[in-house]
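Architecture at a glance
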Amino acid sequence: MEWKQIEEIKSNLNLRETEVAIKRIKDYFETALSHKLNLTRVSAPLFVQKSTGLNDYLNGVERTVAFDALDLKNETIEVVQSLAKWKRFALKRYGFSPGEGLYTDMNAIRRDETLDRLHSIYVDQWDWEKIILKEQRNIQTLKQIVKDIYSVFRQTELYVYTLYPFIKPILPKDITFMTTQELEDQYPDLTPKEREYEAVKKYGAVFLMKIGDTLRSGIKHDGRSPDYDDWNLNGDIIFYYPTLDCAFEMSSMGIRVDKTALIYQLSKNNCLDRLEQPFHRMLINDELPFTIGGGIGQSRICMFFLRKKHIGEVQASVWPENIIEECIKENIELL
């Protein structure tokens, strides 16, 4: 069944009211998510030692923010780009059991991000990870967790509506599941991003599965790091955002690699040398639990639920002059 778009009403909150709303939304969503997925909040690092292999190198081309430290000689310290691998290691170290998980506030700097209304140098998200059994490494487990997370999105949307009745709910009752190959087959003449837009405009909310490997056309829908998500068991939660008439990615997540998937994906990306790093050796030696996890953008959900036109309205970051001037012309107040 296709999603029927509901007319969207722009948020008219001023700066101070927006700051109050951000805190309310974050507190509510965080609590609801932790209860739904049985997650315990833990502290997380802002930076890690490069030699551990714990940092996330995203598509492999983004430069990290790195520095040295007085008392850590011959070590390069990197600001994390996400905590995908660190969380799996932490679950083992902290003694979590199957069915239990953790979440944390992740803050990062992505210096090579192309800045626009949805993208900032500063990244803030809830990184979460949960232990599963080996036999749960399947599409059914993935879909159930996605449905659970989507229920938290809808629950939060209704909460926001009770606080601010002029911000009407727009999410459909159910999220639609589809693969990147199905999307390519349906829209072969469009780019991957154009396909995402057509899908979410039609259905309202989509979980797009199997991201990272090559499609039948010979291209990838999108890049994905080879050493955390299993490319056959991952995906993105994407909503249609009428305020900007665009596809709006809310979360990237997936069942994590096992030994077989790790070797295949590292080989596909020509980076088998990573197998020498401590994290990868632990995985190869079956010393890490099977897990599912992901990240959910904190500024992203606030922007979506408050119907803001720019992510700078819900987070404090830095912007080039052309973006600042554009926002002034549109009466967009950046934090």
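Okay, so let's go over this structure.

Criteria and cut-off values
The written sequence of each chain sets the order in which its residues are numbered from 1. Confidence filtering applies because this is a predicted model: local features only for residues at pLDDT of at least 70, side-chain atom pairs given and counted only at 80 or more, and all residues used for totals across whole chains, interfaces and linings. Note that the side-chain values use all heavy atoms of the structure and ignore hydrogens as well as water. Working definition: helices are DSSP H or I runs of at least four residues, strands are E runs of at least two. Numbering for both runs from the N terminus. Only protein chains enter the calculation, and the probe is 1.4 Å; a residue is then buried if its accessible area is under 20% of its type maximum, exposed if over 50%, and partly exposed in between. Only heavy atoms enter the contact rule, under which two residues are in contact if any of them lie within 4.5 Å. His is not counted here, nor are the chain ends, while Lys and Arg score as positive and Asp and Glu score as negative. Every charge is mapped to an atom, namely NZ of Lys, CZ of Arg, CG of Asp or CD of Glu. For every element, the axis is a line fit to its C-alpha atoms; helices are fit only across the contacting stretch, and the angle between N-to-C directions ranges from 0 to 180 degrees. Any angle that falls under 35 degrees is termed roughly parallel, while one over 145 is termed roughly antiparallel, one within 65 to 115 roughly perpendicular, and all others oblique. By the definition used in this description, the sense in which the near helix is turned from the far one sets the handedness, with an anticlockwise turn below a right angle giving left-handed and a clockwise turn giving right-handed. Each residue receives one of three labels: charged for Asp, Glu, Lys and Arg, nonpolar for Ala, Val, Leu, Ile, Met, Phe, Trp, Tyr, Cys and Pro, and polar for the others, Gly being one of them. Only when DSSP finds a minimum of two bridges between them are two strands counted as paired. A helix is expected to reach a length of 1.5 Å times the quantity of its residues less one. Pairs of N or O atoms are called polar contacts if they sit within 3.5 Å, as long as, within protein, a hydrogen donor faces a hydrogen acceptor (for residues adjacent in sequence, only side-chain-to-side-chain pairs). Any cysteine sulfur atom paired with another within 2.5 Å is treated as part of a disulfide.

On to the overall build of the protein, then. Helix and strand counts for the protein stand at nine helices and 11 strands. With respect to the three principal axes, the spread of C-alpha positions in the protein is 55 × 50 × 40 Å. Counting all 335 residues of the protein, 52% fall into the buried class. Of the contacts made within the protein by residues no fewer than 6 positions apart, 74% connect residues no fewer than 24 positions apart. In the protein, 45 side chains carry a positive charge and 51 a negative one; their mean positions are 3 Å apart.

Let us look at the packing of helix H1 (residues 15–37) against helix H3 (residues 139–163). As a packed pair, H1 and H3 sit with axes 10 Å apart at the nearest point and diverge in direction by 150°. With respect to each other, H1 and H3 are oriented roughly antiparallel. Where H1 crosses over H3, the handedness of that crossing is right-handed. Every residue of H3 that contacts H1 at Arg24, Ile25, Tyr28, Phe29, Ala32, Leu33, Lys36 and Leu37 is listed here: Ile145, Asp148, Ile149, Ser151, Val152, Phe153, Gln155, Thr156, Tyr159, Val160 and Leu163. Across the contact of H1 with H3, the residue classes tally to 13 nonpolar, three polar and three charged.

The next point concerns the pairing of strand S3 (residues 66–69). Bridge count between S3 and strand S4 (residues 72–79): three bridges; the pairing is antiparallel. Within S4, the residue paired with Ala66 across the bridge is Glu78. Taking the residues that link successive antiparallel strands as the turn, the S3-S4 hairpin has two residues.

The subject of this paragraph is H3. The end-to-end C-alpha separation of H3 is 36 Å, in line with the 36 Å expected for 25 residues at 1.5 Å each. For H3, the N-terminal cap is Asn138; the gap from its side-chain oxygen to the backbone nitrogen of Gln140 is 3.1 Å.

Another point: the environment of Leu335. For Leu335, the location among the structural elements is in the segment after helix H9 (321–329). For the pair formed by Leu335 and Val314, sequence separation is 21 residues and the distance between their alpha carbons is 6.6 Å. Once residues within four sequence positions are removed from consideration, Leu335 is found in contact with Leu15, Glu19, Ile22, Gly312, Glu313, Val314, Gln315 and Ala316.

Right, let's talk about unusual backbone geometry for a bit. Phi at Asp286 is positive, roughly 60°, even though this residue is not glycine. Turning to its location among the elements, Asp286 is positioned in the loop between helix H7 (278–284) and strand S11 (291–297). What makes Asp286 exposed here is its relative accessible area of 57%.

Each disulfide is one covalent bond, formed between the sulfur atoms of two cysteines. Taken as a whole, this structure holds zero disulfides when the rule is applied. Cys302 carries a free sulfur, and the closest cysteine sulfur to it, the one in Cys246, is 16 Å from it. A relative accessible area of 0% places Cys302 in the buried class. As a non-bridged cysteine, Cys327 has Cys246 as the owner of its nearest cysteine sulfur, 15 Å distant. Overall, Cys327 belongs to the buried group, its relative accessible area being 3%.

What follows deals with the sheet that holds strand S5 (residues 101–109). With respect to topology, eight strands assemble into an open sheet ordered S1-S5-S6-S11-S10-S9-S8-S7, the strand pairing being mixed. Of all strands in the sheet, those with a lone pairing partner are strand S1 (39–41) and strand S7 (176–179), marking the two edges. Across this sheet, the average inter-strand angle for adjacent strands is 25°, counted without regard to direction. Along the sheet face, H3 touches strand S6 (122–131), S7, strand S8 (205–209), strand S9 (229–241), strand S10 (246–256) and S11 and points at about 25° away from the line of S9. The sheet strands contacting helix H8 (residues 298–305) are S5, S6, S9, S10 and S11, and the helix crosses S10 at an angle near 145°.

Let's shift gears to the pairing of S10. Within S10, nine of the 11 residues are buried, which leaves the element mostly enclosed by the surrounding structure. In terms of strand pairing, S9 meets S10 through nine bridges, oriented antiparallel. Residue pairing across strands places Asn234 opposite Gly254, the latter belonging to S10. Linking S9 back to S10 in an antiparallel pair, the connection comprises four residues, with Asp245 at a positive phi of about 50°.

This part covers the sheet that holds S3. Spatially, the three strands line up as an open sheet ordered S2-S4-S3, and their pairing is antiparallel. Strands with a single pairing partner mark the edges of an open sheet, and in this sheet they are strand S2 (47–49) and S3. Averaged over all adjacent pairs, the angle separating strand axes in this sheet is 35°, with direction ignored. Two elements, S2 and S4, share three bridges in a ladder whose sense is antiparallel. Residue Phe47 lies in a different strand from S4, and its bridge partner there is Val79.

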